[in-house]
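Descriptive analysis of the structure
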Amino acid sequence: MILPEPIQKLITALSRLPGIGPKTASRLAFYLLHAPEDLSQDLAAALDGLKSRITYCQTCFNITTAGRIECEICASPAREASLICVVEEPLDVLALERTGGYEGRYHVLHGTLSPIEGIGPEDLRIRELIECVRLGGIKEVILATNPSMEGAYTAAYLRQQLQPLGVRMTRLARGLPVGGDLEYADQNTLLKALFGRQDM
Ligand SMILES: [Zn+2]
């Protein structure tokens, strides 16, 4: 069966998304075709300029609205500025924020070190983290990289780099599924891991 071009184009585009195979893409495309017009319009409006309307916080490198220098967390006087939680991705910030139990700030690395894939410290926001700690005023750095091999390797590297600066470093408590991502941990598990964090 040859599909009309507009729907074929949509199926092809949807198929490029992670976790969406050709069957799911076709189902979504046909769903949109029959759904009320405003759904397609809302989707198109949300996608239009998505990248140009998002920028990175100059302090923690979390995502924020274009035009802002700092994200809302860094800009908030209610957040404890002497406590930094180091995470791999903006989605991890979201996961920790959802627990409602963290009052410090973040630092987003944008990945993990991976010698196999050739990802070194200069490819991540590591220099900025070290600089931030070096400037002083930081009492504790929570190394909250994912409990994966790369996450553990990255945390060990950061520990080595930050140790000479004399800052307290902690790691989330065990109990998070090994190999899993913070974003997939349920809120209670994540909250327990946060409150039970240990010095390293
Ligand atoms: Zn920020």
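Everything numeric in this text was worked out from a predicted model, so none of it was measured.

1. Remarks on the coordination of the zinc ion
Coordination sphere of the zinc ion, protein contribution only: Cys57 (SG), Cys60 (SG), Cys71 (SG) and Cys74 (SG), at 2.2 to 2.3 Å. For the zinc ion, the four donor atoms are set out with angles of 105 to 116 degrees between them, so the coordination reads as tetrahedral. Written as a sequence motif, the donor residues of the zinc ion are C-x2-C-x10-C-x2-C. Pair check on accessibility: cysteine 71 and cysteine 74 agree, each one buried.

2. Details of unusual backbone geometry
Even without glycine at this site, phenylalanine 61 takes up a positive phi of about 70 degrees. Phi is positive for histidine 110, close to 65 degrees, though the residue is something other than glycine. Assignment of secondary structure puts histidine 110 in the loop between β4 (104-108) and α6 (126-134).

3. Points about the side chain of serine 82
Along the chain, serine 82 turns up in strand β3 (residues 80-87). By relative accessible area, which is 9% here, serine 82 ends up buried. Apart from the residues lying within four places of it in its own chain, the contact partners of serine 82 are Gly137, Ile138, Lys139 and Glu140.

4. What to know about the packing of aromatic side chains
One pass over the full model with this rule turns up one aromatic pair. Ring centres 5.0 Å apart and planes at 55 degrees place the aromatic pair tyrosine 102 and tyrosine 106 in the tilted group.

5. Looking at the environment of alanine 13
As for its placement among the helices and strands, alanine 13 is situated in helix α1 (residues 5-15). A relative accessible area of 44% places alanine 13 in the partly exposed class. Sequence separation between alanine 13 and threonine 59 is 46 residues; the distance between their C-alpha atoms is 34 Å.

6. Topic: the state of the cysteines
What the rule picks out here adds up to zero disulfides. With no disulfide of its own, cysteine 132 has cysteine 74 as its nearest cysteine by sulfur position, at a separation of 8.8 Å.

So, how was this worked out
- Residues numbered from 1 in each chain as written.
- Predicted model: local features only at pLDDT ≥ 70, side-chain atom pairs only at ≥ 80, totals over all residues.
- Heavy atoms only, no water.
- Donors = N, O, S within 2.8 Å, 3.2 Å for Na, K, Ca; no water.
- Tetrahedral: all angles 85-135°; square planar, octahedral: opposite > 155°, others 65-115°.
- Buried < 20%, exposed > 50% of the residue type's maximum accessible area, 1.4 Å probe, protein only.
- Helix = DSSP H or I, 4+ residues; strand = E, 2+ residues; numbered from the N terminus.
- Contact = heavy atoms within 4.5 Å.
- Phe/Tyr/Trp six-rings, centres within 6.5 Å; stacked < 30°, edge-to-face > 60°.
- Disulfide = S-S within 2.5 Å.

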